[in-house]
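A structural walkthrough
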Amino acid sequence: MAIDTEKLLLLNELICGKYDKTNAGEKIFGTLKKLVNFENGGIFYFNNEDLNPIYLYNLENSEFKKDKIDGLKDFKLSETLVVNDCPLGQLVVSSSQNFLDDEKTLFKTCGAIVSQIIKSLEVTDIMNMQVKALQDGIVEINGFNKVIKEQNKKIIEADKVKTKFLSNVSHELRSPLNSIIGFSDILVSEIYGKLDEKQLEYIKDIQVAGIHLLGMVNEILDISKIESHTIKLNKTKFNLFLCVNEVLNILKPLYSEKNINIQNLIDENIEVFADYQKLQQIFFNLLSNAIKFTRENGEIKVFAKLSTKNIMISVADNGIGIAKENHKRIFKKFEQIASNEGGSTNSTGLGLTITKELVKLHGGTITLESELNEGAEFKIKLPLGE
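Right, let's walk through the structure included here. (Residues numbered from 1 in each chain as written. Predicted model: local features only at pLDDT ≥ 70, side-chain atom pairs only at ≥ 80, totals over all residues. Heavy atoms only, no water.)

Right, let's talk about the overall build of the chain for a bit. Each helix and strand in the chain was counted, giving nine helices and eleven strands. Counting the 386 residues in the chain, one finds 43% classified as buried. Long-range pairs, those at least 24 residues apart, make up 65% of the contacts in the chain with a sequence separation of at least 6. Just so you have it, the chain exposes about 21300 Å², and 50% of that area is on carbon and sulfur atoms. (Helix = DSSP H or I, 4+ residues; strand = E, 2+ residues; numbered from the N terminus. Buried < 20%, exposed > 50% of the residue type's maximum accessible area, 1.4 Å probe, protein only. Contact = heavy atoms within 4.5 Å. Areas by Shrake-Rupley, 256 points an atom, 1.4 Å probe, with all protein chains shown as cover.)

This is the structure in structure tokens:
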């Protein structure tokens, strides 16, 4: 499913909205209604054998038994709300008409986001203090020099609060997603018992959805940091082969699903001086992009070559390729080049934009060599550093 700009902005609105216990239900269902066409629904807490309604949309506040909600239409969507690996409740909507496939995917994504909103409401007082501090710092500046100086001090303090708030949001969203991906990986490996075919299929769906959502959250947060010039590099010396292998482990459910052969051909002794997390993000974006546009049973290769002052890194695939007239477009924000095979992609259109900016932060360059139906090769040139 290719997510257009409007849906991306709505997901961003759902993630970044300011919620309190009085407006959360109205705001969640208001945004959700724009993404999924439903007629009624609710958010419920699990309470022993009952479902305790906390927010309702076109439903009466009556008795709700577990897994049975009176008043719902014929077609239903339901997502369990999980906080700290513990099922807390359910997000449920229904309609008199069947839901579209892209609506089901968007609803699954919204379920993960709503889980974090519910969690944040449990620490409302702390979050409100942070938001209030941010609002207090952004005050209209008048023309008097004395007031300007005072407001400048407040803006500086507010910027610190904003950076801290963004860091908190990043942690609160990324950590549970990493848990979802990690624990689903454990289940797929069947360490704690065999799964039947249907269970294995559902767990793999959770893996794939979690990886896609994690990528989207990372991209939304990273682009905001880049545009506000708050990204800083924390350079260390590390093994490049192991760095790529960690990314491949995260992406394994995606390329295994398409039976794609990915080869890490980097010399195991090559070390680089760079920001480990940012370089992993670069590989994550390029490899996930290659997986999307490589056909089943295809091949992807990762190379690296050292010179006196630079290292050249290459990510090459034998996928559908990119027409030459689109080579510059793909690095622009929200640009998504339609597949000549009509395939759908889960993307924000930000991945390659962020990749280019992260490469530039390292003092490097990124280029593309590709022709339609001839695969694609992204080449990154980075200075070796100290």
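The structure having been displayed, the exposition proceeds.
What follows covers the packing of aromatic side chains. A full pass over the atoms with the stated rule returns four aromatic pairs. Summarising the aromatic geometry, the rings of Phe38 and Tyr57 are spaced 5.3 Å apart at their centres and angled 65 degrees between planes, so their arrangement reads as edge-to-face. Taken together, the positions of Phe38 in the loop between helix 2 (24-35) and strand 1 (40-47) and Tyr57 in strand 2 (residues 50-57) put the pair 19 residues apart, joining distant regions of the chain. Residues Phe238 and Tyr276 carry aromatic rings whose centres are separated by 4.8 Å and whose planes lie at 85 degrees to one another, so their mutual orientation is edge-to-face. (Phe/Tyr/Trp six-rings, centres within 6.5 Å; stacked < 30°, edge-to-face > 60°.)

On to the pattern of salt bridges, then. In total, this model carries seven salt bridges according to the counting rule given. Where Lys278 meets Asp275, a salt bridge forms, and the shortest distance between an N and an O atom there is 3.5 Å. A salt bridge links Glu371 to Lys324; the shortest N-O distance between them is 3.9 Å. Taken together, the residues span a long stretch of sequence, with Glu371 in the loop between strand 10 (365-370) and strand 11 (376-383) and Lys324 in the loop between strand 9 (310-317) and helix 9 (351-361) at a distance of 47 residues. Lys324 sits in the exposed class, given a relative accessible area of 58%. (Salt bridge = Lys/Arg side-chain N within 4 Å of Asp/Glu carboxyl O.)

A few words on the environment of Thr109. Within the fold, Thr109 resides in helix 3 (residues 101-122). Thr109 sits 104 residues away from Leu213 along the chain, and the two C-alpha atoms are 6.7 Å apart. Those residues in contact with Thr109 that sit more than four places away from it in its chain are Leu11 and Leu213.

A cluster of nonpolar side chains, namely Phe183, Ile186, Ile191 and Tyr192, defines an oily patch on the protein surface of about 480 Å² accessible area. According to the relative accessible area criterion, Ile186 is partly exposed, its value standing at 31%. (Patch = residues over 30% accessible without salt bridge, like charges linked within 9 Å, V, L, I, M, F, W, Y side chains within 5 Å.)

Following both chains from N to C, one finds helix 7 (residues 240-257) and helix 8 (residues 276-292) inclined at 40 degrees, their axes separated by 9 Å at the closest point. It follows from the interaxial angle that helix 7 and helix 8 lie oblique. Where helix 7 crosses over helix 8, the two elements pack in a sense that is right-handed. Residue-level inspection shows Leu240, Leu242, Cys243, Val244, Glu246, Val247, Leu248, Ile250, Leu251, Leu254 and Tyr255 of helix 7 in contact with helix 8, the latter providing Tyr276, Leu279, Gln280, Phe283, Phe284, Leu287, Ser288 and Ile291. Looking at side-chain class alone, the contact of helix 7 with helix 8 contains 16 nonpolar, two polar and one charged residues. (Axes fitted to C-alpha atoms, helices over the stretch in contact; angles between N-to-C directions. Parallel < 35°, antiparallel > 145°, perpendicular 65-115°, else oblique. Left-handed = near helix turned anticlockwise from the far one by under 90°. Nonpolar A, V, L, I, M, F, W, Y, C, P; charged D, E, K, R; others polar.)

Unusually for a residue other than glycine, Asn58 sits at a positive phi of about 55 degrees. One can find Asn58 in the loop between strand 2 and strand 3 (75-83). The backbone phi angle of Asn259 is positive, close to 55 degrees, even though this residue is not glycine. Inspection of the secondary structure puts Asn259 in the loop between helix 7 and strand 6 (261-264).

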